[in-house]
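# Chain and residue survey
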Amino acid sequence: MKKNNSTIDMNAKLSIRERLFYGSGDLAANLIYSTLTAFLLVYYTNVVGVGAGVAASIMAISRIFDGVSDIIMGRIIDRTHSKMGKARPWMLRMSIPLAICFVLMFSVPANISTPLQTAYMFLTYNLVSTICYTGVNVPYSSLQGYITTNQYERGLLGTIRMLMANAGTLIINTFFLKMCTYFGGGDSYSQKGWTISIACLAVAFIVINTLCVLNCKERVNADTIDAQEEKVQPSLVTTLKSLLKNKNWIFIVLFLFANYFLQSTFFGSQYYFAQYVLKSESSYAMISNACNLTALIAMMTVIPLLLKYFSKKKIAIIGMIGNIIAFAATGFVGGSVTAVLVLNIIKGVALGCPIALQFGILQDTITYGSWLTGINATGMGNAASSFCTKVGSGLGTAALGFILEAGNFNKAPESASSLTAISWGYVWIPAIVSVLMLICLFFLDYDKDYKTAVEDLENNKWKNGEL
């Protein structure tokens, strides 16, 4: 391996400008991701008119392909060498294809047979999730690890990233259905309204994602390598084995999987919960934004302050405990809009803590793993974690679809069995998954060696010798 370029500070402290533009990448991504999480199932059932079980099956089966694409993308990033770095070129190249496929996904033809509609849904879902979103999101996640090795800066980047992500979710929750209604001529479930609204989001995504790419710099492993060095890079199997030797990486990846499963069931059922359990469809934006807005406030104020005094692990654990209590309490307040609103405010602050820090922890564990094993697996480490987040998200949405199907939602949405199914998706599954997330956090123990790891890596050393 070449010596790191001495003119580049891998442990750099970043400008406010670069921090904000890095975070804007997740604002762009969440214009797409939050729409998929909160409204794809609604679109399939209420606009296209397919059964929740059919939609759930499409999402569940597609996750098999997602696993392959993430690993391939991670390998591509690790082997990419350009003037722009490893991650940023792919964020730029894949943004327009993602935007186009996103629009196609929400434009299911109405004048074709049900089997053809199902095939169209399956194809466009995989074009978006398996290929194009992977091509942007895996590089974006990797970029956080390439910008700096500074632990505090990574914590801030993760916080700002999730702050921006929540801003994206807030925008979608507040305006998306209004946009669909406006462009649909007053009809919330008009295909025309949904297509135009999605097209607007796609354009916004391209612009914001491009600004992120142009205003960030890759410093870690910034030096290029020649053809001879390229030949001796570790194999795919060796790289994957190095990740599996790192228990800290394994537990944060499990945490990410569980978190995205939780968010898919929680946010995916929120519209149904407001409409049928609270019997107040108009309260949807309010209760959704209560969670996201308080998370934003916590990320802007409380979390950056706490990072100066406590480790990311401790802050995340405290947040998860509060989150478990808030979810469990929601199960006992019945149809009270006020009580759900208050508890969503608590969830926003509590869940905002681990969510803001999860990707900073991920990058730390990958850096720690490079020191532990002597193998740099930044791209693959982020790819495998991205796979788990997408599997978690997809299986969460699929699980919600199957639960609604079991509760006879399509035939009798206001029946007792349907209301029970919605409550499981909104309350009890998130509560149970939150407990599993808390357990994962308790197993993280890389902090004690992190400073040594960074110093050794800067000197081309790993735990057992020279790199």
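Parameters at a glance
- Residues numbered from 1 in each chain as written.
- Predicted model: local features only at pLDDT ≥ 70, side-chain atom pairs only at ≥ 80, totals over all residues.
- Heavy atoms only, no water.
- 1 Å grid on protein atoms, 1.4 Å probe; cavity = no way out; pocket = protein on both sides within 12 Å on 5 of 7 lines; lining within 4 Å.
- Points joined across faces, edges and corners; volume = space filled by probe spheres on them.
- Helix = DSSP H or I, 4+ residues; strand = E, 2+ residues; numbered from the N terminus.
- Nonpolar A, V, L, I, M, F, W, Y, C, P; charged D, E, K, R; others polar.
- Polar contact = N/O pair within 3.5 Å; in protein donor to acceptor, adjacent residues only side chain to side chain.
- Axes fitted to C-alpha atoms, helices over the stretch in contact; angles between N-to-C directions.
- Left-handed = near helix turned anticlockwise from the far one by under 90°.
- Contact = heavy atoms within 4.5 Å.
- Buried < 20%, exposed > 50% of the residue type's maximum accessible area, 1.4 Å probe, protein only.
- Patch = residues over 30% accessible without salt bridge, like charges linked within 9 Å, V, L, I, M, F, W, Y side chains within 5 Å.
- Areas by Shrake-Rupley, 256 points an atom, 1.4 Å probe, with all protein chains shown as cover.
- Salt bridge = Lys/Arg side-chain N within 4 Å of Asp/Glu carboxyl O.
- Phe/Tyr/Trp six-rings, centres within 6.5 Å; stacked < 30°, edge-to-face > 60°.
- pLDDT = per-residue confidence, 0-100.
- Core = buried A, V, L, I, M, F, W, Y, C linked by side-chain atoms within 4.5 Å.
- Expected span 1.5 Å × (residues − 1).

### Considerations on empty space enclosed by the protein
Within this structure, the stated rule accounts for four cavities of 30 Å³ or more. In this structure, the largest cavity spans a volume of roughly 550 Å³. Taken together, 43 residues form the lining of the largest cavity, with Asn30, Tyr33, Thr37, Tyr260 and Gln263 sitting closest to its centre. Those elements that place two or more of their residues in the lining of the largest cavity are helix H1 (16-48), helix H2 (52-78), helix H5 (114-147), helix H6 (151-183), helix H10 (247-277), helix H11 (284-300), helix H14 (337-373) and helix H15 (378-406). Residue composition of the lining of the largest cavity, grouped by class: 18 nonpolar, 20 polar and five charged.

### Things to note about the environment of Thr174
Its location among the elements puts Thr174 in helix H6. Note: C-alpha distance between Thr174 and Ala38 (136 residues apart in sequence) is 12 Å. Only 2.6 Å separates the side chain of Thr174 from the side chain of Asn289, close enough to count as a polar contact.

### Points about the packing of H5 against H14
One way to put it is that H5 packs onto H14 with a least axis distance of 9 Å and a crossing angle of 65 degrees. Here H5 runs over H14; the crossing is right-handed. Residue-level inspection shows Ser141, Ser142, Gln144 and Gly145 of H5 in contact with H14, the latter providing Phe359, Gly360 and Gln363. The residue makeup of the contact of H5 with H14, split by class, is one nonpolar, six polar and no charged.

### Concerning the environment of Ala56
Position of Ala56 relative to the elements: it lies in helix H2. The buried category is assigned to Ala56, whose relative accessible area is 0%. The spatial distance from the C-alpha of Ala56 to the C-alpha of Leu41 is 8.1 Å, given a sequence separation of 15 residues. The contacts of Ala56, once residues within four sequence positions are left out, are Ala398, Gly401 and Phe402.

### Remarks on a nonpolar patch on the surface
Together, Trp424, Ile432, Val435, Leu436, Ile439, Phe442 and Phe443 line one region of the surface with nonpolar side chains, adding up to about 660 Å² of accessible area. By the secondary structure assignment, Phe443 is in the loop between helix H16 (416-442) and helix H17 (447-458).

### Points about the packing of aromatic side chains
Taken as a whole and judged by the stated rule, the model has 23 aromatic pairs. Measuring from ring centre to ring centre gives 5.6 Å for Tyr33 and Tyr260, while their planes differ by 70 degrees; the resulting arrangement is edge-to-face. Separated by 227 residues along the polypeptide, Tyr33 in helix H1 and Tyr260 in helix H10 bring together distant segments of the chain. Pairing Tyr43 with Trp194 gives two aromatic rings, centres 5.4 Å apart and planes at 35 degrees, and the pair type is tilted. Of the two residues, Tyr43 sits in helix H1 while Trp194 sits in helix H7 (residues 191-214), which places them 151 residues apart along the sequence. Using a relative accessible area of 0% as the deciding quantity, one classes Tyr43 as buried.

### Focus on the confidence of the model for the protein
Residues at a pLDDT of 70 or more form 93% of the protein, whose mean pLDDT is 84. Per-element confidence in the protein is highest for helix H4 (residues 95-105), whose mean pLDDT is 96, and lowest for helix H8 (residues 227-231), whose mean pLDDT is 42. In this model residues 1-6 is a low-confidence stretch, pLDDT under 50, and it forms 14 contacts with partners more than four residues away in sequence or in other chains. The low-confidence segment residues 222-231 (pLDDT under 50) makes twelve contacts with residues lying over four places distant or belonging to another chain.

### Looking at the nonpolar core
Leu40, Tyr43, Tyr44, Phe106, Trp194, Tyr272 and Leu404 are the most contacted members of the largest nonpolar core, which has 125 residues in total. In contact with Leu404, other than residues within four places in its own chain, are Leu41, Ala52, Tyr272, Phe409, Ala421 and Ile422. The next biggest cluster of nonpolar side chains, apart from the first, holds 17 residues, and it includes Ile77, Tyr140, Cys212 and Val213.

### Let's talk about H7
If you check H7, its first and last C-alpha atoms are 35 Å apart, about what 24 residues at 1.5 Å a residue would give, namely 34 Å. Those residues of H7 not exposed but buried are Gly193, Trp194, Ser197, Ile198, Leu201, Ala202, Phe205, Ile208, Asn209, Cys212 and Val213. The residue sitting at the N-terminus of H7 and contributing the capping side-chain oxygen is Ser190; that oxygen lies 3.3 Å from the backbone nitrogen of Lys192.

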